[in-house]
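Here is what each chain is made of, one letter per residue.
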Amino acid sequence: MKPIKLGVNIDHVATLRQARLTRYPEPAHAALVAEQAGADSITVHLREDRRHIQERDVKMIQDVLTIPVNLELAVTAKMLALAEKLRPQYCCFVPERRAELTTEGGLEVAGQLQKLRAACATLRANGSKVSLFIAADAVQIDAAVAAGADMIEIHTGHYADCTDATSRADELDKIARAVEYAAQTPLQINAGHGLHYHNVQPIAALERVAELNIGHAIIARSIFSGLHQAVKDMKTLMDESRR
């Protein structure tokens, strides 16, 4: 079975900094620590309201890392222009609402296919590989293929939010079926949202999933164990699921 990759989202390092508008903690420093601990990529969400990650953070992180940077962004003309300027290795289009605490669901690809086809073409021509953050749904997977995306990231938030074993098993089955469906397409399959140290292994065990993107749980654990150890602990759990 192929090893699974870990993308570490460091948005909440910037959240802590922006809470006091200080110069610390430095997201680029966190990105370096995560890389040294075994992260395979670093994810940052450059939101339109700039509530955490700033444009300068993306530039600094790109400058210091040897692993890929995955830039999450809304599908707007302004954010598309920023992505063209920043030229990250990966771009992931996500839904975005100002009132939400965090991304609440998958992107509606099928309902805005023309817009997303143009956005994917623009960023791919600019040298970025493009991912779409979508629900575990065959209609959205087909639309992602039609849009010309390189990858999808399957939203695992509903699975992560389950409070009983039955509903959790149902959501896991839904994700597993979506993964098998997507495996018949050219898309690379990633997954993420809401995953933590107690629920990650069933998702990581899905052998067609290439990479998991995890942020809040890792940054939360780092308060007590340090970021290097928090990343290593997550990598260990994911690796164990593939043995």
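Calculation rules
- Residues numbered from 1 in each chain as written.
- Predicted model: local features only at pLDDT ≥ 70, side-chain atom pairs only at ≥ 80, totals over all residues.
- Heavy atoms only, no water.
- Disulfide = S-S within 2.5 Å.
- Buried < 20%, exposed > 50% of the residue type's maximum accessible area, 1.4 Å probe, protein only.
- Helix = DSSP H or I, 4+ residues; strand = E, 2+ residues; numbered from the N terminus.
- Lys, Arg positive; Asp, Glu negative; His and termini not counted.
- Salt bridge = Lys/Arg side-chain N within 4 Å of Asp/Glu carboxyl O.
- Polar contact = N/O pair within 3.5 Å; in protein donor to acceptor, adjacent residues only side chain to side chain.
- Contact = heavy atoms within 4.5 Å.

A. The arrangement of the state of the cysteines in detail. Here the structure, examined in full by the defined rule, presents zero disulfides. Here C92 stays free of any disulfide, with the sulfur of C91 as its closest cysteine sulfur at 8.9 Å. For C92, a relative accessible area of 0% translates into the label buried.

B. Here's a closer look at the environment of P95. Looking at the secondary structure, you find P95 in the loop between β4 (90–93) and α5 (113–125). Using a relative accessible area of 21% as the deciding quantity, one classes P95 as partly exposed. Expressed as a C-alpha distance, the spacing of P95 and V75, which sit 20 residues apart in the sequence, is 7.6 Å.

C. Molecular detail of the side chain of D11. Its location among the elements puts D11 in helix α1 (residues 11–20). Within the buried core, D11 has no salt-bridge partner, and the shortest N-O distance to an opposite charge, that of R47, equals 6.2 Å. Polar contacts involving the side chain of D11 include one to the main-chain amide nitrogen of H45, which spans 2.9 Å. Apart from the residues lying within four places of it in its own chain, the contact partners of D11 are T43, V44, H45, H52 and I53.

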